[in-house]
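# Observations on chain architecture
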Amino acid sequence: MTQTQKPVLRFAPSPTGMLHIGGARTALFNWLYARHTGGTFLLRIEDTDRERSTPQAVAAILGGMRWMGLDWDGPEVFQAARAARHREVADALLAAGRAYRCYATAEELSAMREEQKKAGKPMRYDGRWRNRDPEEAPPGAPFAVRLKADDSGETIVHDLVLGDVRFANDQLDDMVLLRSDGSPTYMLAVVVDDHDMDISHVIRGADHLNNTPRQLQIISAMGWAKPAYGHLPLINGPDGAKLSKRHGALAVEAYRDMGYLPETMRNYLLRLGWSHGDDEIIPTAQAIEWFNLESIGKSAARMDYKKLDNLNGHYIRATPDDILAAEAVAFLERENPPRILSTTARARLLSAMPSLKERAKTLVELIQGADFLYTDGVRDLDAAAQKLLPPEARGLLAAALPALAATDWSAPALEAAARTHAEAHGLKLGQVAQPLRAALTGKASSPPLFEMLALLGREESLIRLRAYAD
Ligand code: GLU
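Everything in this summary refers to the structure shown in the same document. Because the structure is predicted, anything quoted here is derived from the model rather than measured.

### Describing the site of the ligand
The local shell around the ligand consists of Arg-10, Ala-12, Pro-13, Ser-14, Glu-46, Tyr-186, Val-190, Arg-204 and His-208. A distance of 2.8 Å separates a nitrogen atom of the ligand from a polar atom in the side chain of Ser-14. With the chains in place, 81% of the 300 Å² that the ligand exposes on its own is no longer accessible. Across the shell around the ligand, the residue classes break down as four nonpolar, two polar and three charged.

Right, here's the structure in full:
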């Protein structure tokens, strides 16, 4: 990359499963850096493992990226479709004497490894065809193409995150570039694609660090420019152990289904491995402005679900009511079977949103707390609501109904009527209001009662109240 060129980033998932939380963070960091610099963010689907790659996984990754709001520039590149180009590069390396044909059979190679194991030596290809005349191979025998790797000196990865990491070249064997069936290996494909896509920065998980010196060797054998590399430290579970399913090493869709907002996920994943002073709340627009590679942390990050919940509560409150209501409606429509809200139900949800969003840390909580708004009819009482409706409370409820029914059913009139009624009978307002709330919503807490009565309307409210009045 010359000074005047803008960075070109990529996210290169293998479609063998969902977009999980670690992959989403890698995608986010690449995206943020591209957006921060005005560069380009490309998506490459590394589907060279034909047995394990599935169209469902491709769809899940694209869906996960879209939900996260990580848009990529230009059409996605499918690596498997580029196999002819990968072979072309292997042939160029052969022609230049930087690669060679290896005729070792699978049996020979496993016998070689067996011996190395017995002798307590590291198991790696011993270079048996490196300097051997290919004429010695049986005619027509299948061969793999291997890189003639540097076998002395060292390869230094100048990592943007980890600093210089040194690898002794005699520890790296002559890796396979083309298998004997002619298929390119992952190691070759990544290098060729990064080159052809003009990638300036390879930002990826630290689990790829050991691949980098090998990839650098292919790059230098081709005489290509090296991209800059940055390897992101792993994400651990809350206990510091490797992130597992139990810890929430889940697909990003699982977080969506638990009721987290995309903005929350972007902020949360940003803070898993990147910092800006003590700032915790970093909305995406701010993140784009601030993001840099220098502030990526060197040590493993830890999942912290309490922090995730608190952030989500923040973004729920910060989201405009209409957008949040639309999110809630979309959430309900994803249920199986889909729950489609009537126009009335949608309007009620929207009106109650200022109050609903104050009480919820996730969309799931918000939706559960709002069910009395989008389903009609007599409520089932939860345990806390049952406690508010013992027989004497039901009597109080029945006694208050005529006063309420005599109003114009506006919130102020209902509240005034409830107060007057309570005072006249020597009761506190709560003694009248709590049974009303329980019958109306099926819960012991809800958005402001009189507003909810007005919102649900006279007819619907009275159906619910009368069911528990006697
Ligand atoms: N396809 C690799 C993976 O999903 C990533 C390769 C890379 O980023 O260089 O782990």
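### Some remarks on the sheet that holds strand β3 (residues 77-78)
Spatial strand order, β1-β2-β3: three strands in an open sheet with parallel pairing. A strand with exactly one partner marks an edge of an open sheet, and here the two such strands are β1 (8-11) and β3. As defined by bridge partners, β1 adjoins strand β2 (residues 40-45) across four bridges and the pair is classed as parallel. Each residue of the ladder has a partner; that of Leu-9, found in β2, is Phe-41. Contacts from helix α1 (residues 21-37) reach β1 and β2 within the one sheet, and its direction differs from that of β1 by about 165 degrees.

### Remarks on the pairing of strand β10 (residues 228-232)
Counting buried residues along β10, four of its five residues qualify, which places the element largely inside the surrounding structure. For strand β9 (residues 201-205) and β10, the ladder comprises five bridges, and the chain directions are parallel. Following the sheet pairing, Arg-204 is matched in β10 by His-231. Handedness of the crossover is the feature at issue here: the chain leaves β9, passes through helix α6 (residues 212-222), returns alongside β10, and the resulting connection is right-handed.

### Looking at helix α20 (residues 458-467)
What α20 keeps buried is the set Glu-460, Ser-461, Leu-462, Arg-464 and Leu-465. Next to the buried residues of α20 lie α12 (343-356), α14 (371-374), α16 (391-405), α18 (429-441) and α19 (449-456).

### Digging into the side chain of Arg-379
Take Arg-379: it is sitting in the loop between α14 and α15 (383-387). Buried within the structure, Arg-379 lacks any salt-bridge partner; Asp-371 is the closest side chain of opposite charge, at an N-O distance of 4.4 Å. A polar contact of 3.4 Å, which involves the side chain of Arg-379, links it to the backbone oxygen of Asp-376. In contact with Arg-379, other than residues within four places in its own chain, are Asp-371, Phe-372, Ala-439, Leu-440, Thr-441, Gly-442, Arg-464 and Tyr-468.

### Thoughts on the side chain of Arg-271
Tracing the sequence through the fold places Arg-271 in helix α8 (residues 262-271). Overall, Arg-271 belongs to the buried group, its relative accessible area being 17%. The residues touching Arg-271, leaving out its near neighbours within four places in the chain, are Asp-279, Glu-280, Ile-282 and Lys-307.

### Looking at α18
In this model, α18 (13 residues) spans 18 Å end to end at C-alpha, consistent with the 18 Å of a helix rising 1.5 Å per residue. Those residues of α18 lying buried are Val-432, Ala-433, Pro-435, Leu-436, Arg-437, Ala-438, Ala-439, Leu-440 and Thr-441. Against the buried residues of α18 lie α14, α15, α16, α17 (411-424), α19 and α20. Gly-442 lies just past α18 and shows a positive phi near 80 degrees.

### Comments concerning the environment of Trp-31
On the secondary structure map, Trp-31 appears in helix α1. Placed 22 residues apart in sequence, Trp-31 and Leu-9 show a C-alpha to C-alpha distance of 7.4 Å. Those residues in contact with Trp-31 that sit more than four places away from it in its chain are Phe-41, Gly-69, Leu-70, Asp-71, Thr-284 and Ile-288.

Here is what the cut-offs are and how they apply
- Residues numbered from 1 in each chain as written.
- Predicted model: local features only at pLDDT ≥ 70, side-chain atom pairs only at ≥ 80, totals over all residues.
- Heavy atoms only, no water.
- Near = heavy atom within 4 Å.
- Polar contact = N/O pair within 3.5 Å; in protein donor to acceptor, adjacent residues only side chain to side chain.
- Areas by Shrake-Rupley, 256 points an atom, 1.4 Å probe, with all protein chains shown as cover.
- Nonpolar A, V, L, I, M, F, W, Y, C, P; charged D, E, K, R; others polar.
- Pairing = 2+ DSSP bridges.
- Helix = DSSP H or I, 4+ residues; strand = E, 2+ residues; numbered from the N terminus.
- Contact = heavy atoms within 4.5 Å.
- Axes fitted to C-alpha atoms, helices over the stretch in contact; angles between N-to-C directions.
- Buried < 20%, exposed > 50% of the residue type's maximum accessible area, 1.4 Å probe, protein only.
- Right-handed = clockwise from strand over helix to strand, strands pointing away.
- Lys, Arg positive; Asp, Glu negative; His and termini not counted.
- Salt bridge = Lys/Arg side-chain N within 4 Å of Asp/Glu carboxyl O.
- Expected span 1.5 Å × (residues − 1).

Purely spatial values, then, with no claim about function.
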